[in-house]
Amino acid sequence: MARNYVELKVEESIATLTINRQEALNALNRTVLEELKEVINNIAADDQVKALIITGAGSKSFVAGADIAAMKDMTPLEAKEFSFLGHRVFAAIEKLPIPVIAAINGFALGGGCELALACDIRIAASTARLGQPEVKLGIIPGFGGTQRLARIVGKGIASELIFSGEMIDAERALAIGLVNAVVPPEKLMEEAQKLAQKIIANGPVALRYAKAAIHNGLQMTLEQGCQYEVELFTDCFTTEDQDIGMAAFLSKQKPVFKGV
Ligand code: CAA
């Protein structure tokens, strides 16, 4: 499939995916979502890619939401299909076995904020603005916002943001735990890369298990999640990386993990 709106570059095992539809502030229509789905599937199948950074093209917008013009005349059935499509794509991002960082370079609104919420870690430019303004359009978030936002910032703050539809700045997003860090806009990609590099220097199997433990554990009771952690912790001891990591520590060397 020829891609018009989603760019992918891979450097030193770190993939950077850029949504580029600047004429609509990178808003997500069906085509963009289909392209995203294809790229995410390709990344999932590529074991050379160890981390993914998702960002938006230009300095103004990460993603300004689902495409309002495209949604305006949708029938309820079309809206349902559109919502399912967004959910499938964002779930695929969330389920990638590698760490995913959102580099939020500007507006992250509606579906754009929801895209960032499906990532593991969010870094925002100080100029970023985030929000779930759907109620201002007479709808509710449709790509996971009501679920993931509440899980990340808690029910009260999520309710405030979703009910008011107001945008917040990067500093407030940091204060409520919606983003992990705020950096100057010109440093955003550098900081995202630095963090990705730091992460991928760690054991790849351990990273995969850690992500599974956090993500899947959140769907479980605490007791089930702790049991799941025990199982994954145990599985670490079947890997060469466990031996490599601990031997390197004890001999004061830097570990060179094999990912097995
Ligand atoms: N869908 C379609 N087009 C969009 C868009 C969107 N979500 N956001 C911006 N655009 C378009 C504008 O229509 C405009 O196009 P034209 O030049 O053809 O008029 C262009 O992008 C530039 O936007 P503005 O002129 O509005 O730029 P601004 O600087 O004045 O304002 C903004 C920027 C505050 C982000 C404003 O564009 C805005 O409020 N956008 C909509 C944000 C929004 O409501 N997002 C949620 C969508 S619903 C959703 O996402 C549902 C879901 O959960 C699945």
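Residues numbered from 1 in each chain as written. Predicted model: local features only at pLDDT ≥ 70, side-chain atom pairs only at ≥ 80, totals over all residues. Heavy atoms only, no water.

## Quick look at the domain arrangement of the protein chain
Okay, step 1: Domain parsing of the protein chain yields domain 1 (6-200) and domain 2 (204-250).
Okay, step 2: Here the C-alpha centre of domain 2 lies 27 Å away from the C-alpha centre of domain 1.
Okay, step 3: In total, about 630 Å² of surface goes out of reach between domain 1 and domain 2, with carbon and sulfur atoms giving 61% of it.
Okay, step 4: Among the residues of domain 1 in contact with domain 2, Glu94, Pro97 and Arg151 are the three that bury the most area, contributing 51% of the side total. (Domains from an automatic or database assignment. Buried area = accessible area lost by both parts, 1.4 Å probe.)

## Considering helix α1 (residues 30-44)
Okay, step 1: The terminal C-alpha atoms of α1 lie 21 Å apart, and with 15 residues this matches the ideal 21 Å at 1.5 Å per residue to within 8%.
Okay, step 2: Within α1, the full set of buried residues consists of Val32, Leu33, Glu35, Leu36, Val39, Ile40 and Ile43. The buried residues of α1 occupy one face: seen down the axis, they fall within an arc of 160°.
Okay, step 3: Taking the backbone nitrogen of Thr31 as reference, a side-chain oxygen 3.1 Å away marks Asn29 as the first, capping residue of α1. (Helix = DSSP H or I, 4+ residues; strand = E, 2+ residues; numbered from the N terminus. Expected span 1.5 Å × (residues − 1). Buried < 20%, exposed > 50% of the residue type's maximum accessible area, 1.4 Å probe, protein only. Arc of directions from axis to C-beta. Polar contact = N/O pair within 3.5 Å; in protein donor to acceptor, adjacent residues only side chain to side chain.)

## What about the packing of helix α9 (residues 204-217) against helix α10 (residues 222-236)?
Okay, step 1: Two elements in contact, α9 and α10, have axes separated by 10 Å at closest approach and are oriented at 170°. Relative to α10, the element α9 lies roughly antiparallel. Across the interface between the two elements, Tyr209, Ala212, Ala213, Asn216 and Gly217 of α9 pack against Tyr228, Leu232, Asp235 and Cys236 of α10.
Okay, step 2: A class-by-class count of the residues in the contact of α9 with α10 yields six nonpolar, two polar and one charged. (Axes fitted to C-alpha atoms, helices over the stretch in contact; angles between N-to-C directions. Parallel < 35°, antiparallel > 145°, perpendicular 65-115°, else oblique. Contact = heavy atoms within 4.5 Å. Nonpolar A, V, L, I, M, F, W, Y, C, P; charged D, E, K, R; others polar.)

## A few points about the packing of aromatic side chains
Okay, step 1: For the structure shown, the criterion picks out three aromatic pairs.
Okay, step 2: Between Phe90 and Phe143, the ring centres sit 5.5 Å apart and the planes meet at 80°, which makes this aromatic pair edge-to-face. Pair noted here: Phe90 is in helix α3 (residues 76-95) and Phe143 is in the loop between β8 (129-131) and α5 (145-153), with a separation of 53 residues, a long-range link. The pair formed by Phe90 and Phe143 is uniform in burial state, with each residue classed as buried. (Phe/Tyr/Trp six-rings, centres within 6.5 Å; stacked < 30°, edge-to-face > 60°.)

## Quick look at the nonpolar core
Okay, step 1: In this structure, Leu52 and Ile104 are the most contacted members of the largest nonpolar core, which totals 50 residues.
Okay, step 2: If one sorts the elements of this core by residue count, α1 sits on top with six residues.
Okay, step 3: Ignoring anything within four residues of it in the chain, the contact list for Leu52 reads Ala15, Leu17, Ile40, Ile43, Leu96, Ile98, Pro99, Val100 and Ile101.
Okay, step 4: Ranked by size, the runner-up nonpolar core spans 13 residues in total, among them Ala51, Ile53, Ala125 and Ala192. (Core = buried A, V, L, I, M, F, W, Y, C linked by side-chain atoms within 4.5 Å.)

## Remarks on the side chain of Thr239
Okay, step 1: Its location among the elements puts Thr239 in the loop between α10 and α11 (240-250).
Okay, step 2: Only 2.6 Å separates the side chain of Thr239 from the backbone oxygen of Cys236, close enough to count as a polar contact.
Okay, step 3: Ignoring sequence-local partners within four residues, the contact set of Thr239 consists of Val205 and Val260.

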